[in-house]
Number of protein chains: 4
Amino acid sequence: MTTHPRSARPAVLAQNQYGKAENRVVRITRDGATHHIKDLNVSVALSGDMEEVHYSGSNANVLPTDTTKNTVYAFAKEHGIESAEQFGIHLARHFVTSQEPIKTARIRIEEYSWERIGTSETDPSSAGAEDGGHSFARKGQETRVTQITYDGSSWEVISGLKDLVVLNSTNSEFWGYVKDKYTTLKEAYDRILATEVSARWRFDWTDDEQPMPDWEESYAQVRGHMLQAFAQTYSLSLQQTLYQMGARIIEHRDEIEEVRFSLPNKHHFLVDLEPFGLKNDNEVYFAADRPYGLIEATILRDGCEALIPVDLSNL
Amino acid sequence: MTTHPRSARPAVLAQNQYGKAENRVVRITRDGATHHIKDLNVSVALSGDMEEVHYSGSNANVLPTDTTKNTVYAFAKEHGIESAEQFGIHLARHFVTSQEPIKTARIRIEEYSWERIGTSETDPSSAGAEDGGHSFARKGQETRVTQITYDGSSWEVISGLKDLVVLNSTNSEFWGYVKDKYTTLKEAYDRILATEVSARWRFDWTDDEQPMPDWEESYAQVRGHMLQAFAQTYSLSLQQTLYQMGARIIEHRDEIEEVRFSLPNKHHFLVDLEPFGLKNDNEVYFAADRPYGLIEATILRDGCEALIPVDLSNL
Amino acid sequence: MTTHPRSARPAVLAQNQYGKAENRVVRITRDGATHHIKDLNVSVALSGDMEEVHYSGSNANVLPTDTTKNTVYAFAKEHGIESAEQFGIHLARHFVTSQEPIKTARIRIEEYSWERIGTSETDPSSAGAEDGGHSFARKGQETRVTQITYDGSSWEVISGLKDLVVLNSTNSEFWGYVKDKYTTLKEAYDRILATEVSARWRFDWTDDEQPMPDWEESYAQVRGHMLQAFAQTYSLSLQQTLYQMGARIIEHRDEIEEVRFSLPNKHHFLVDLEPFGLKNDNEVYFAADRPYGLIEATILRDGCEALIPVDLSNL
Amino acid sequence: MTTHPRSARPAVLAQNQYGKAENRVVRITRDGATHHIKDLNVSVALSGDMEEVHYSGSNANVLPTDTTKNTVYAFAKEHGIESAEQFGIHLARHFVTSQEPIKTARIRIEEYSWERIGTSETDPSSAGAEDGGHSFARKGQETRVTQITYDGSSWEVISGLKDLVVLNSTNSEFWGYVKDKYTTLKEAYDRILATEVSARWRFDWTDDEQPMPDWEESYAQVRGHMLQAFAQTYSLSLQQTLYQMGARIIEHRDEIEEVRFSLPNKHHFLVDLEPFGLKNDNEVYFAADRPYGLIEATILRDGCEALIPVDLSNL
């Protein structure tokens, strides 16, 4: 704290980062007539000794964002794309170790998945089964995401997914809550519970000396546990369901230390059909857009530190 | 044509329509512990003797848009939702036959599909298989659409889909085109062909006396033929692929008279890696957003009339 | 009509068009230290003798969509961008007159407007006033649009706007409507009327022999009349307001033959505060998203033909 | 840290919050025939003693999100909406002081601004000037935002804006940067500099004992300084422009301790017209979407602590 009067204290630079965002890279691997596809959206953010470019405009320490874009495409050739996580690790290591002024690199990746288009003539409606060689349809369900951060000595890997919409048509209640003068909500003993899952989980892998997780297998397993916990929990509140989803992952997947969820309560309101002389026995719902309940929490392996930011929106 | 001077000719009302748009209705059907879900977005547009409401503001002939919304929810109970098409037919018939001033009803429906969440404990990563009872994940691939129009005597049913992204990683060329002074494009002998399919097909069913198509089966079959034609066509241009997709439907599905496609060419540009001393052997692509080629055409059963509008965007 | 059995009738090509969509072109004109900016999104659609490219894949008649993109940029230099309409006319004429197989060209343009950033030191909060030379802020209100169609002999010019949100906080009623068994709506004698204007108007200019309208002045005047009619109409229904907006244009602007509106009724529902012991005297509203009333109509100069398509969404 | 083996360590709850998001409230204030409008999107997030609802599903400490929604609407009547900041302060204080289990409240607000529709008959194209009484057009430029956090003793107020697109058509260069093996970018000595400003600034007001800033005046002034710094900086890098924007605010506005920017570099690439025999003298540009440079930094009053999160996306 300085003794200058407040208004005389100058502006100084604090946290800063830069890079090329949303590099859309598609990598085709040909195994004879059978092709494989990886479809990523890669964002690079670098930080380090960057005072001068802010204060004077000198770019002497600045690797152009255009170069970071070129590096993404070159690395897709040089290293291939085994998984989004592995690809991000290659990139982060490169920027930090090859450019002296760059102290930290953070790579964010979105991955879009594809399924093969079937080509069986006998039943065209089964198109989508996995027997084609070079033809794909984008799955369009969740978007897989990962964020790799490297500071030259340790790694942080946070993976996750977003846009996965799930719904239970029963086994959800909501009652016994606080009532104040602004409360008008009726208690519910059988309601629809629906949400659009945004989840991030942090790996215990932080050091090149540790064995690396199998990123693809881990993703499939975590996703599966999360969906099963959602489906199997008899829910008294969305918070309870959220906790079960996270706890299931912590219990079954040793490589995960922490999970954070942002779960909008996608309200499905039972429509009042009585004015029309009809009884609505949990059959007809209005799916509302806004406003929506928003439930967010971190589930942690006991003894670990919570490091995933509170706001997931662009993580 | 009147003989008044142009500027003295008054304003008159021409085509007009009104109704409630985007009614989000979810219908749960319970078959014991196994639930079924239909998830629709229903838009109602009515027209008829509506001069007065425009000229004087008299609402004497106007059924409120709020009432058309209520009718959607009431009909979900009264008639159930067997298919989007059948549901639209119930609604259109109701408005035209129950309200004298309403001469035509047009119902547009988007349908979002869901898959069951599996609950097998043995392999959580297989969640998504169909063994759950009341738990669902939104599929998130294409959106199914339909438009039902009824004028009191005949029906027009146009169904389709949008947002279905498909890609062939080979078997596509583009060469032999016109070159003018603004042409710089290099010919391509092995390129990625990708598009986001927007398609609409019109049924031959127009009359209550005709047997009604099996709307669900028809959709599955048309979708399958379309995908197979996309996958199996060795393409010299996206136009050729488009035609094959439409012709396959016309050849295999007697109930369809006409198909229209709007196919953006989702360009995947081969990245030039030579500056980095690397060879790009059809492996690394930049997936571009804008601009994009846009290829649109109607494929017609010979002798039928083309009735699907040229612009599909909100059809 | 052929005498072949229905299923034996082959698929044939009907209406088709192609071109490059969404070419984003920004044109800077330097008048000393004062710069001017035009910011357009240009989509080209060409049609003509294109059977072969669909049937056999021969591109012999196909000017590449990439070339149509190049032409947009080259013309921004060669002809400048006086107005979106004039620019579209240059492009459409070029494609139809320079390429024999091309019979019709349709150019669609979106225009984004900018205002100058003021640089007066004395009152920084007035930034936005028009005294800067090369610094601009995007206005962000409506998007101006135009569509130019040319078939080698006559022109059709349809201009308009979209995304213009307007609201009257009083002088709107809704009552005296039809009531059926599904009607629950209460009559309203003082409500908010709000809509997001999407409008298109067609010019009487069709022939190179006619004097061309002043496109910029016409746009400003039509927009102004439309807004004033919205503001000044005491409204008994949104249809009545719509008609007044169109009629005002027809009455005041001789160059316009036809106007079409698509007006979503952006519902603002008075919130029931009585459960909290509060009276809501038209003060507190819930702005709803979906569903919404959708009112669409064409207002025509008497004796003219209605040519604007019913669906405006991507027109 | 426990001595249990890793996999035996149970899942525990860490940071969590809940509430109703995106409550759309419009408040009309009538001053005779002149009405005033405030248009907000309010999101409530509460945290406190919420273990039980996560672990067992007991809602005994849970004020329903529906109640938080009701409170937003009731407070719009009870307190009016003087400014978004003041409204958020009323709400946050209420939740923390009226519900024992709630320890912290965070209110996020987006504000949409409106301008009056002019009604002068003499020049309809001037519609938009401020002479109307109850008719408004949404301005549509930036969205104003604020976030109020209260823990029962101290306040944090972070305000800002997003979606403000600005462009300098000259006075921007980029050269003298690092070149590695992946660098292909050409140096630029006169380029367009454009960005979509997302900015957040934190107030020094933290205590009810301090005099409260004039939130409306502060916003207008901060916005103005930011725009002027953008317009007046001769830029050697977007980082330099960013720093000038932040420093100008710190220098002129005593009530601000910290500013953070997220500035995408909206690339405008000079189109190569030489293949067409044309010279592009900084006249014709291609406005690109993705990828884009992304420059982010915090500018701090010396001696203050940086508290605005690194990621602004939903702040």
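What counts and how
Numbering of residues begins from 1 in every chain and follows the order in which that chain's sequence is written. The naming scheme follows written order: chains are lettered A onward, ligands numbered 1 onward. Only residues with pLDDT of 70 or above have their local features reported here, since the model is predicted, and side-chain atom pairs are shown and tallied only from 80 upward, although totals for entire chains, interfaces and linings are computed over all residues. To obtain the side-chain values, all non-hydrogen atoms of the structure were used and water was disregarded. Runs of H or I in DSSP of at least four residues are treated as helices and runs of E of at least two as strands, each being numbered from the N terminus. Each residue gets one of three labels from its accessible area relative to the maximum for its type: buried under 20%, exposed over 50%, partly exposed in between, using a 1.4 Å probe on protein chains only. Superposing the copies works by least squares over the C-alpha atoms of residues that have pLDDT at least 70 in both of them. Here, two residues are considered to be in contact whenever any of their heavy atoms come within 4.5 Å of each other. DSSP bridges decide pairing: two strands pair if at least two such bridges lie between them. When two parts are brought into contact, each loses some accessible area as probed by a 1.4 Å sphere; the total of that loss over both is the buried area. For salt bridges, the criterion is a side-chain nitrogen of Lys or Arg within 4 Å of an Asp or Glu carboxyl oxygen. UniProt positions are given in the numbering used here, feature names are shortened, and annotations may be inferred rather than shown by experiment. Predictor confidence is given residue by residue as pLDDT, running from a minimum of 0 to a maximum of 100. Comment: axis = line fitted to C-alpha atoms, over the contacting stretch for helices; angle = value between 0 and 180 degrees taken between N-to-C directions. The labels follow the angle: roughly parallel below 35 degrees, roughly antiparallel above 145, roughly perpendicular from 65 to 115, and oblique for the rest. Working rule for handedness: look at the near helix, and if it is turned counterclockwise from the far one by less than a right angle, call the crossing left-handed; if clockwise, right-handed. Polarity classes work like this: nonpolar for Ala, Val, Leu, Ile, Met, Phe, Trp, Tyr, Cys and Pro, charged for Asp, Glu, Lys and Arg, and polar for all others, with Gly in that last group.

## A word on the environment of B:Asp254
All names here are of chain B.
- Along the chain, the position of Asp-254 falls in the loop between α5 (238-252) and β10 (256-265).
- For Asp-254, a relative accessible area of 36% corresponds to the partly exposed category.
- With 201 residues separating them along the chain, Asp-254 and Val-53 place their C-alpha atoms 43 Å apart.

## Description of the relation of the copies chain B and chain A
- It takes a turn of 180° to lay chain B on chain A, together with a shift of 0.0 Å along the axis; the resulting RMSD is 0.0 Å. Expressed as an axis order, the relation between the two copies is that of a two-fold axis. Closest approach to the rotation axis among the C-alpha atoms of chain B is made by B:Gly140, whose C-alpha sits 2.5 Å away.
- Interface overlap between copies is the fraction of interface residues in one copy that are interface residues in the other; for chain B against chain A it reaches 100%, indicating a shared surface.

## Brief notes about the relation of the copies chain A and chain D
- The two copies are related by a screw motion: chain A maps onto chain D through a turn of 180° and a shift of 0.0 Å along the axis, at an RMSD of 0.0 Å.
- Here 100% of the interface residues in chain A have copies in chain D that are interface residues too; the copies meet face to matching face.

## Remarks on the pairing of strand β2 (residues 23-31) of chain B
- Bridge analysis of strand β12 (residues 284-287) of chain A against β2(B) gives three bridges, and the strand direction is antiparallel. Across the sheet, A:Val284 pairs through a bridge with B:Arg27, a residue of β2(B).
- Taken together, the nine bridges between β2(B) and strand β3 (residues 34-48) of chain B define a ladder with antiparallel strand orientation. Its bridge partner being in β3(B), B:Arg30 is matched across the sheet by B:His35.

## Considering the interface of chain A and chain D
- Residue-level contacts link 89 residues of chain A with 89 residues of chain D.
- Together, the buried faces of chain A and chain D total about 7,600 Å²; carbon and sulfur atoms form 51% of this surface.
- Inspection of the region where chain A meets chain D yields six salt bridges.
- Note that D:Arg108 is salt-bridged to A:Asp311, the shortest N-O span being 2.8 Å.

## Some remarks on the UniProt feature "active site" (unreviewed entry) in chain A
All names here are of chain A.
- According to UniProt, the positions carrying the feature "active site" (unreviewed entry) are Lys-20, Thr-65 and His-267. Considering the C-alpha atoms alone, the annotated residues occupy 248 residues of sequence and remain spread out, their largest mutual distance being 42.1 Å.
- Position of Lys-20 among the secondary structure elements: in strand β1 (residues 11-21).
- Taking relative accessible area as the criterion, Lys-20 reaches 4% and is therefore assigned buried.

## Some words on the side chain of C:Glu85
- Relative to the helices and strands, C:Glu85 resides in helix α3 (residues 84-98).
- Those residues in contact with C:Glu85 that lie beyond four places of it in its chain are C:Arg144, C:Thr146, C:Ile148, C:Val157, C:Ser159 and C:Trp215.

## Concerning the confidence of the model for chain A
- Summing up the model confidence of chain A, the mean pLDDT is 95 and the portion of residues at 70 or higher is 95%.
- The complex prediction reports pTM at 0.96, with the ipTM value standing at 0.95.

## What to know about the UniProt feature "binding site: urate" (unreviewed entry) in chain A
- Those places that UniProt annotates as "binding site: urate" (unreviewed entry) correspond, in this numbering, to A:Thr65, A:Asp66, A:Phe174, A:Arg191, A:Gln239 and A:Asn265. The annotated residues occupy 201 residues of the chain and do not converge on a single region, their most distant C-alpha atoms lying 52.1 Å apart.
- Positionally, A:Thr65 belongs in helix α2 (residues 65-78).
- Given a relative accessible area of 14%, A:Thr65 falls into the buried group.
- Setting aside anything within four residues of it in sequence, one finds A:Thr65 in contact with A:Tyr18, A:Gly19, A:Lys20 and D:Gly293.
- Tracing the sequence through the fold places A:Gln239 in helix α5 (residues 238-252).
- Judged by its relative accessible area of 5%, A:Gln239 falls in the buried class.
- Filtering out sequence-adjacent residues up to four positions away, A:Gln239 remains in contact with A:Ile295, D:Tyr18, D:Val53 and D:His54.

## With respect to the packing of helix α2 (residues 65-78) of chain C against α3(C)
Residue and element names in this part refer to chain C.
- At a minimum axis separation of 11 Å, α2 and α3 run at an interaxial angle of 130°. Comparing the axis directions of α2 and α3 gives the class oblique. Once α2 is placed against α3, the crossing between them reads as right-handed. Side by side, α2 and α3 meet where Thr-68, Thr-71, Val-72, Phe-75 and Ala-76 of the first sit next to Phe-87, His-90, Leu-91, His-94 and Phe-95 of the second.
- Tallied by class, the residues present in the contact of α2 with α3 amount to six nonpolar, four polar and no charged.

## Quick look at the interface of chain B and chain A
- The partner chain A presents 65 residues to the 65 residues of chain B that form the contact.
- Buried area between chain B and chain A, summed over both chains or domains, comes out near 5,700 Å², and the portion from carbon and sulfur atoms is 56%.
- Interface area lost by chain B to chain A is led by B:Lys77, B:His134 and B:Gln228, which between them contribute 10%.
- The interface formed by chain B and chain A holds six salt bridges in total.
- Here A:Glu283 ties to B:Lys77 by a salt bridge, and the two come within 2.5 Å at their closest N and O atoms.
- Looking at the side of chain B that touches chain A, the elements with two or more residues in it are β2, β3, α2 (65-78), β5 (114-116), β6 (135-138), β8 (155-168), α4 (215-232) and β12 (284-287) of chain B.

## With respect to the pairing of strand β8 (residues 155-168) of chain D
- In terms of burial, β8(D) is largely enclosed, as 11 of its 14 residues are buried.
- Bridge analysis of strand β6 (residues 135-138) of chain C against β8(D) gives three bridges, and the strand direction is antiparallel. What sits directly across from C:Ala137, in β8(D), is D:Val166.
- As paired strands, strand β7 (residues 143-150) of chain D and β8(D) are joined by eight bridges and run antiparallel to one another. Residue pairing across strands places D:Ile148 opposite D:Val157, the latter belonging to β8(D).
- Looking at chain direction, β8(D) and strand β9 (residues 193-203) of chain D are connected through nine bridges and run antiparallel. Bridge pairing links D:Val166 to D:Thr195 in β9(D).

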